[in-house]
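Structure at a glance
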Amino acid sequence: MGSIPDPGEVAADLTPQPLPSFDDFQRQTSLMTSCTLLWKELSDHFTTLEQNLQKKSDALKRKIQALDTDTKASLASIKKREVTIDGSLEIALERLDDRCEAALKSIDSDRDDGEVDDGDGLLLALKAFCLKMRSREFWKFVITKKKELDALRSQIPMALGECVDPPRFVLEAISEVFPVDRRGERSEKGNDLGWACVVILESLIPVVMDPVIGKSRLMVTPTVKKRASEIAETWKRSLEERGGIENVKTPDVHTFLQHLVTFGIVKREDFDLYRKLVVGSAWRKQMPKLAVSLGLGGEMPDMIKELIGRGQQLDAVHFTYEVGLVNKFPPVPLLKAFLRDAKKAAASIMEDPDNPGRATQLAVRKEQSALRAVIKCIEEYKLESEFPPENLKKRLEQLEKVKTEKKKPLPAAIPANKRTRANTAVPMPPAKAGRLTNAYVSSFPSQPPTFVRSPSHHPQQYPAAGIPAYASPPPPPTVYGTPSPPSPYAAYSPEAVHHPIPGSYTLNYMPPPPAAYGGYPSGFAQAYHQQAYY
């Protein structure tokens, strides 16, 4: 049987419990709210961690896949190079034999090719130098044909194909100016030959590339490649003598970088140097492609940002199209920023107080150059739909008209011996009559010198002496060309010029005002006003 409960305990249980207060309810509500918020915060935090881990995992998978793809491509390329090396060597040896035979025949025949004006004659002359390995004569011939640059670009590769050893031939040909200019005083006269070096080095690439697999393997002997590396090191050491990267000439930079690409001697440890050289000479048309060939494709975004920060937005556009970063760096905003900077530069040039006429001319040229460059860029990359060039062309036409008005001659001045008063037929005295001593130049030699008073005065007779000369009062401020009081003809003698007659007037000649803006027509500077055209 169960135990009997104690009556006292039963009574205690039946005692009513006190109800919770409103403050207790508030505390419990706050506690529940805090727990709910804390749980949500923790849940969001773990969700974010999970998403980040998933993103990193996906990125790592993509990198692994890209690495696997690159590894397979590299292994396939190595295998292809191993398989094709025998065939490439066989083709190269056959070509070498043909070149040797052609060179021997050329030496035996000792023909005089002479200089011919047409393209065939140019090719024959180039081939003659290459067949006989006459690198110095080849160089001297090329530097005299700068006006035929397009023909040289197309025909030098064919001519270099006739050389027994094209890489060595090219190194010997450009040795006069690269890596160090050995011409002495001639090099200081502005006769830069970097263009010839670049053309010859570019023309060597299709000659030395592998006949089977192409540019990925250059057929350059280890001896020549070692010599090319030594030349590159010599050029780098000469940078300190030239004052550093900032002071080196752009043609020299272009030649050096093209030399590295042509002979395949790019070094990864020199990437920082290559980048600085490319950015410093970014305005060169070939620089974007040259930067990719140097292996700087991965650093292109940073290089483009640097160009934009330096105000070279137009060069940045060319780089973006070369590496396919148009979506990251839209070209139209860059072109508009380039035009804004050009307008600001032109405005700053106009502020030159020393030579306002020349400042106006330079400002017009600055803006014209920027407009032409932007229009050419729009047409090159087919941006007409995003940036219509019509307003730019109109502005360019306006600036051309300003230049044309500036070139118009000023109105012909009246000859000195026929000067007259404005709006009257009264002849003026000769220009130098009042400045020469003992000189008399009369506009009317047949008429005796007489002195007639102005009709604006009363016909009162004044004594000949005893009264001081009557000087005309200073004329009121007037604009040149305002009619003066009419007066009859008056002839002049030396005495009239140097010794005023009592009661007579002194004739004051007002010269024409100086041309506005330093010799420019008055409307020239006013016509040049900047306006928004996009």
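In this text, all values refer to a predicted model and were calculated from it rather than measured experimentally.

1. Comments concerning the pattern of salt bridges
In this structure the tally under the stated criterion is 17 salt bridges. The partner of Arg168 in a salt bridge is Glu172, with the nearest N and O atoms 3.0 Å apart. A residue pair is termed a helical-turn pair when its members lie 3 or 4 positions apart in one helix, as Arg168 and Glu172 do in helix H6 (residues 166–173) at four residues. A salt bridge links Glu233 to Lys267; the nearest nitrogen and oxygen atoms lie 3.0 Å apart. Separated by 34 residues along the polypeptide, Glu233 in helix H8 (residues 222–241) and Lys267 in the loop between helix H9 (250–263) and helix H10 (271–280) bring together distant segments of the chain. Look at Glu233 and you get partly exposed, because its relative accessible area is 26%.

2. Let's talk about the side chain of Arg217
Position of Arg217 among the secondary structure elements: in strand E2 (residues 214–218). Looking at Arg217, its side chain comes within polar contact range of the side chain of Asp210, at 2.7 Å. With near-sequence residues (within four places) excluded, Arg217 lies in contact with Arg81, Thr84, Ile85, Ser88, Val208, Met209 and Asp210.

3. Looking at H8
End to end, H8 covers 30 Å across 20 residues, agreeing with the expected 28 Å (1.5 Å per residue, within 8%). Directly beyond the C-terminal end of H8, a positive phi value near 95 degrees is found at Gly243.

4. Describing the confidence of the model for the protein chain
The share of residues in the protein chain with pLDDT of 70 or more is 67%, and the mean pLDDT across the chain is 75. Here residues 416–473 is a poorly scored stretch, pLDDT under 50, and it has 73 contacts once near neighbours within four places are set aside; other chains count. Note that residues 476–528 has pLDDT below 50 and, in this model, 90 contacts with residues that lie over four places away or in other chains.

5. Considering a positive patch on the surface
Together, Lys215, Lys285, Lys289 and Lys376 line one region of the surface with positive charge. Residue position: Lys376 is located in helix H15 (residues 356–380). With relative accessibility at 58%, the residue Lys376 sits in the exposed group.

6. Thoughts on the packing of helix H14 (residues 331–350) against H15
Running from amino to carboxyl end, H14 crosses H15 at an angle of 170 degrees, the nearest separation of the two axes being 8 Å. Here H15 runs roughly antiparallel to H14, going by the angle between their axes. The segment H14 lies against H15, with Leu335, Phe338, Leu339, Ala342, Lys343, Ala345, Ala346, Ile349 and Met350 engaging Ala359, Thr360, Leu362, Ala363, Lys366, Glu367, Ala370, Leu371, Val374, Cys377 and Ile378.

7. Quick word on a negative patch on the surface
Where like charges cluster on the molecular surface, the negative patch consists of Asp86, Glu90, Glu94, Asp97, Asp98 and Glu101. On the basis of relative accessibility, which here comes to 56%, the residue Asp86 falls in the exposed class.

8. Quick look at the environment of Ala92
Here Ala92 shows up in helix H2 (residues 22–109). By relative accessible area, Ala92 is classed as partly exposed at 30%. For the pair Ala92 and Met219, spaced 127 residues apart in sequence, the C-alpha to C-alpha distance is 8.4 Å.

9. A few points about the packing of helix H5 (residues 149–160) against helix H7 (residues 194–208)
Two elements in contact, H5 and H7, have axes whose closest approach is 8 Å; the angle formed by their N-to-C orientations is 45 degrees. Considered as vectors, H5 and H7 are oriented oblique to each other. Once H5 is placed against H7, the crossing between them reads as right-handed. Across from Leu149, Leu152, Arg153, Ile156, Pro157 and Leu160 in H5, the residues of H7 making contact are Trp195, Val199, Ile200, Glu202, Ser203, Leu204, Pro206 and Val207. When its residues are assigned to classes, the contact of H5 with H7 shows 11 nonpolar, one polar and two charged.

10. Section: the nonpolar core
Judged by nonpolar contacts, the single largest core of 88 residues is most densely connected at Phe138, Leu160, Leu257 and Phe319. Per-element tally for this core: the top contributor is H7, with 10 residues. Excluding anything up to four places from it in sequence, Phe138 contacts Leu126, Phe129, Cys130, Ile156, Leu160, Phe169, Ala173 and Ile200.

11. Description of a nonpolar patch on the surface
On the surface, Leu38, Leu42, Phe46 and Leu49 cluster together into a nonpolar patch covering about 380 Å² of accessible area. Position of Leu42 among the secondary structure elements: in helix H2.

12. Focus: unusual backbone geometry
The step from Phe178 to Pro179 runs through a cis peptide bond, and the omega angle for that step is 10 degrees. As for its placement among the helices and strands, Pro179 is situated in the loop between H6 and H7. At Met133, a residue that is not glycine, the phi angle is positive and equals roughly 55 degrees. Turning to its location among the elements, Met133 is positioned in the loop between helix H3 (119–131) and helix H4 (135–143).

13. Regarding the environment of Arg365
Considering the arrangement of structural elements, one finds Arg365 in helix H15. Separated by 34 residues in the primary sequence, Arg365 and Leu399 have C-alpha atoms spaced 8.6 Å apart.

Cut-offs applied
Residues numbered from 1 in each chain as written. Predicted model: local features only at pLDDT ≥ 70, side-chain atom pairs only at ≥ 80, totals over all residues. Heavy atoms only, no water. Salt bridge = Lys/Arg side-chain N within 4 Å of Asp/Glu carboxyl O. Helix = DSSP H or I, 4+ residues; strand = E, 2+ residues; numbered from the N terminus. Buried < 20%, exposed > 50% of the residue type's maximum accessible area, 1.4 Å probe, protein only. Polar contact = N/O pair within 3.5 Å; in protein donor to acceptor, adjacent residues only side chain to side chain. Contact = heavy atoms within 4.5 Å. Expected span 1.5 Å × (residues − 1). pLDDT = per-residue confidence, 0-100. Patch = residues over 30% accessible without salt bridge, like charges linked within 9 Å, V, L, I, M, F, W, Y side chains within 5 Å. Areas by Shrake-Rupley, 256 points an atom, 1.4 Å probe, with all protein chains shown as cover. Lys, Arg positive; Asp, Glu negative; His and termini not counted. Charge placed at Lys NZ, Arg CZ, Asp CG, Glu CD. Axes fitted to C-alpha atoms, helices over the stretch in contact; angles between N-to-C directions. Parallel < 35°, antiparallel > 145°, perpendicular 65-115°, else oblique. Left-handed = near helix turned anticlockwise from the far one by under 90°. Nonpolar A, V, L, I, M, F, W, Y, C, P; charged D, E, K, R; others polar. Core = buried A, V, L, I, M, F, W, Y, C linked by side-chain atoms within 4.5 Å.

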